[in-house]
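# Observations on the three-dimensional arrangement
In case you want the letters, here they are:
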Amino acid sequence: MPSPMLRFTRVRFAFIKAIPGLLLVSSLTLSAASQEFLHQAAETNVNSQYMIEAVSVGGVDVDQPVPHKLPKRLRERLKSLVGQRCDIATLEDFATEIRREMHFRNVSEHLSKGNAPDTVRVNFEVVRRDLFFDISLPKFLYHSKQGFSGELDASTHIRQNDITVGMVSNGDDLTERFTGITARFDSTPFGDLAGSDRMRLGLTFEDYHEQWNQATVNALPGSGLDLYRSRWSVAPQLVFKPANPVSVAIGASFGYLDSETPDVPGQAVNAGTLDVRYGHKIEGDSVQQEIEGRYSLRVATRALGSDYAYARHLVSVRYEARTGKHIMSDEFTGGSIDGRAPFFDRFVLGSSSTLQGWDRYEIDPLGGSRVVHNQMTYGHRVGQGTVEAFYDAGMLWQSNRGATLRHSLGAGFKQGIFIMAMAFPVRDGRIEPVFMCGMNY
Amino acid sequence: MRYELLRISIPVAAAVFLFLATGPVPGATESLSVYLDGDYLRVNLPHLDFLKGKPLERLKDGATVIFNGQVKLTSSPNSLFPLAQTVASFAFSYDIWEERFSVTKLTQSREARRTWKHLSAQAAESLCLDNLLIDRSEVPPDRDFFVQLELRADDAKDQLGIIGDPGINITRFLTELFGRPPRSPQERVLFSSGPFRLSDLKKTEVRSVRG
């Protein structure tokens, strides 16, 4: 058992390693805080007492039958502002939405006197972009044991099509760290026709190089699994919404794994995919509830020319309730793999979102074919952010072996898309904290 | 010898840059008057005129503009470390029908906010100064001090779109960082005056409690 001094040294070392990430996140959370502050300030605007007489975008009235490039739903919502109170915070939200939807550089709301007394006309003035593409950092994580994970994307929008090219280095989601490039094409092929936003086509290309942990390499003999040096895949997908809270994605994935061992031929992984999502919000007077559910299926079969044959099922359900400054949530995840799946499809616990604080290679360096995990979180709003405490419990095992239930505890601070947290695995007499900070993980 | 400046280490150069960037505007010829009002130290400026330029344009377009105000007591005119300070944020808006200003002093709690309406530009500006008070107990009793007043329009609206659904938009961040013209002097008011000593300050009758 480590001495108290050694434990203290580990905690201190974890803090020191987390400093770069903490500095980045703290500087960015200040920006997120100022946005919330501005939103609150907008609510105090004296012009909120007036009624909106007309709404226009770039000087063109949204009521006019001119072929607007605005998405139909957004245009309808803008039209519905007419006759309502002039809520500046709402107008600023619309300006943000128009900018995002239409890929403008800037959109700002301008008010002028209406024709009738105590009415105003709203014009959203637009500034077009100087560049035709955006570079963004959609996901970033610093983990004191795993190091940095992140993604950098360049995207552009041409008519109804989005094209994104990205670079990824991820040491958090899988058994291995994978680094490489991604490219994605998304299209709403039916333009601005009614219901077009209910259907979307996508095509994703990924090409990664893998880095294996020594614990995985040591555990490999006799497992029947193969290491691969690199992998690529092409995945077409059709997403549609049969009913409003439900979305379904049907697709396929055609991939190839280059063996880590020289002279051993590579293997194809070709699969059909299905993803069903459900999301529902219940807005009560004092309690707001949110339910999200997801089922995903991935079936690799020799009928598609695959060298691997397996079926991977994953179910997750999340419930959240908010009242006043209190937020409570529970998320359950369960998964099963029948057949022999490659490493990238095997389940892992001990990441930034499951059994936080545990070392994944201590749980199982090869990943598992069965998983059950539950996370309970309590949050309390403090200022612009939320202080959170969480409890994770989970089991990861192989179909022919026994399972061990593991627990972890932690606390963190969340603000907007940014979060920093500290987690401890619960086990006999040893405290080895893990620091995590980042965004959108 | 002529290249000596190039040998200054980066932290020292950064500190010099920060000092120069945050120092008082030398052109501010008008001096602050500082006085005691009951338990508070107040500042006054006869011709305060910060409602102009781009912030005024935005206000007349019906937008909300936040002005951040700060009064600092320092031991020297350019000191970075205040002996005492007060900061406050004010949300300005302009009634496009009545053509008068409205000012709300922003606080963490919405219930504690206070709003003043039907104000002229001058009255709205003076109201900010009236709400920038320093408690008398924080004023050093036995040494000279300088007073700095800073008022600036918050341009955080420009950050909208940098952080959002796709994470951090680096293009927009860089565009805002390098592509935006430097802050106009009209958007920042900075005055410094002194030295003062507590015992020498003019005292007035109590006007109001802290707003």
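Every value quoted in this text rests on a predicted model; they were computed, and no experiment measured them.

So, on to the overall build of chain A. Helix and strand counts for chain A come out as 5 helices and 20 strands. Expressed as a percentage of the 441 residues in chain A, the buried residues total 29%. Counted over contacts in chain A with a minimum sequence separation of 6, partners at least 24 positions apart contribute 55%.

In terms of regular secondary structure, chain B is built from 4 helices and 12 strands. With 211 residues in all, chain B has 28% of them scored as buried. If you take every contact in chain B between residues at least 6 apart in sequence, the share linking residues at least 24 apart comes to 67%.

All names here are of chain A. Where strand 12 (residues 267–283) meets strand 13 (residues 288–300), 13 bridges bridge the pair, whose relative direction is antiparallel. In the sheet register, K281 faces strand 13, and the bridge partner there is E290. A loop of 4 residues connects strand 12 with strand 13, the two strands running antiparallel in sequence. Judged from the 13 bridges that link them, strand 13 and strand 14 (residues 310–323) form a sheet pairing that is antiparallel. When the sheet's bridge partners are listed, Q289 is paired in strand 14 with A321.

All names here are of chain B. Strand order in the open sheet formed by 4 strands is 7-2-1-12, and the pairing between neighbours is mixed. Strands at the two margins of the open sheet, each flanked by one partner only, are strand 7 (134–135) and strand 12 (202–204). Both strand 1 (residues 33–37) and strand 2 (residues 40–44) contribute to a ladder of 5 bridges, which runs antiparallel. Paired with Y35 across the two strands is R42, which belongs to strand 2.

On to the nonpolar core, then. With 57 residues, the main nonpolar core has B:V43, B:F67, B:F92 and B:V147 as its most contacted residues. The residues touching B:F67, leaving out its near neighbours within four places in the chain, are B:F90, B:F92, B:C128, B:L151, B:R152, B:A153 and B:D154. Among the nonpolar cores identified, the runner-up in size contains 18 residues, and A:I419, A:M422, A:A423 and A:V434 belong to it.

Residues and elements named next belong to chain A. Taken over all residues, the pLDDT of chain A has a mean of 86, while the share at 70 or more is 88%. Contacts for the low-pLDDT stretch residues 27–33, under 50 throughout, to residues beyond four places or in other chains number 15 contacts. Note on residues 192–196: pLDDT is under 50 here. Beyond four places in sequence and across chains, it has 6 contacts.

A word on the environment of A:V371. Residues and elements named next belong to chain A. Tracing the backbone through its elements, the reader meets V371 in strand 16 (residues 370–382). Residue V371 is classed as buried on the basis of its 22 C-beta neighbours within 10 Å. Along the chain, V371 and W397 lie 26 residues apart, while their C-alpha atoms are 6.6 Å from each other.

As a further point, take the confidence of the model for chain B. For any part of a model where pLDDT is low, the fine detail of the predicted coordinates should not be relied upon. Residue and element names in this part refer to chain B. Residues at a pLDDT of 70 or more form 71% of chain B, whose mean pLDDT is 75. For chain B, per-element mean pLDDT is lowest for helix 1 (residues 10–22), which scores 43, and highest for strand 5 (residues 100–106), which scores 92. Model confidence for the complex: the whole-complex pTM is 0.66, and ipTM, which rates the interface, is 0.73.

The phi dihedral of A:D263 is positive, around 70 degrees, even though this residue is not glycine. Locating A:D263 in the fold gives a position in the loop between strand 11 (246–259) and strand 12. Owing to 5 C-beta atoms within 10 Å, A:D263 belongs among the exposed residues under this scheme. The phi torsion at B:H118 lies on the positive side, around 55 degrees, for a residue other than glycine. Of note, B:H118 is situated in strand 6 (residues 114–119).

With that settled, consider the sheet that holds strand 3 (residues 106–113) of chain A. All names here are of chain A. Pairing within the open sheet is mixed, and its 4 strands lie in the order 2-1-4-3. Both outer strands of the open sheet, strand 2 (60–61) and strand 3, are each paired with one neighbouring strand and no more. Examined bridge by bridge, strand 3 and strand 4 (residues 119–127) share 8 bridges and lie antiparallel to one another. Paired with N106 across the strands is V127, a residue of strand 4. The strands that helix 3 (residues 88–102) touches are strand 1 (51–57), strand 3 and strand 4; relative to strand 3, the one it contacts most, it runs at about 140 degrees.

Residue and element names in this part refer to chain B. Turning to its location among the elements, I134 is positioned in strand 7. Overall, I134 belongs to the buried group, with 21 C-beta atoms counted inside 10 Å. For I134 and T86, which are 48 residues apart along the polypeptide, the C-alpha to C-alpha distance reads 6.0 Å. Setting aside its immediate chain neighbours within four residues, I134 contacts Y40, L41, V71, L73, A84, T86 and V139.

Calculation rules
Residues numbered from 1 in each chain as written. Chains lettered and ligands numbered in written order. Predicted model: local features only at pLDDT ≥ 70, side-chain atom pairs only at ≥ 80, totals over all residues. Helix = DSSP H or I, 4+ residues; strand = E, 2+ residues; numbered from the N terminus. Buried ≥ 20, exposed ≤ 12 C-beta atoms within 10 Å, placed from the backbone. Contact = placed C-beta atoms within 7 Å. Pairing = 2+ DSSP bridges. Core = buried A, V, L, I, M, F, W, Y, C linked by C-beta atoms within 7 Å. pLDDT = per-residue confidence, 0-100. Axes fitted to C-alpha atoms, helices over the stretch in contact; angles between N-to-C directions.

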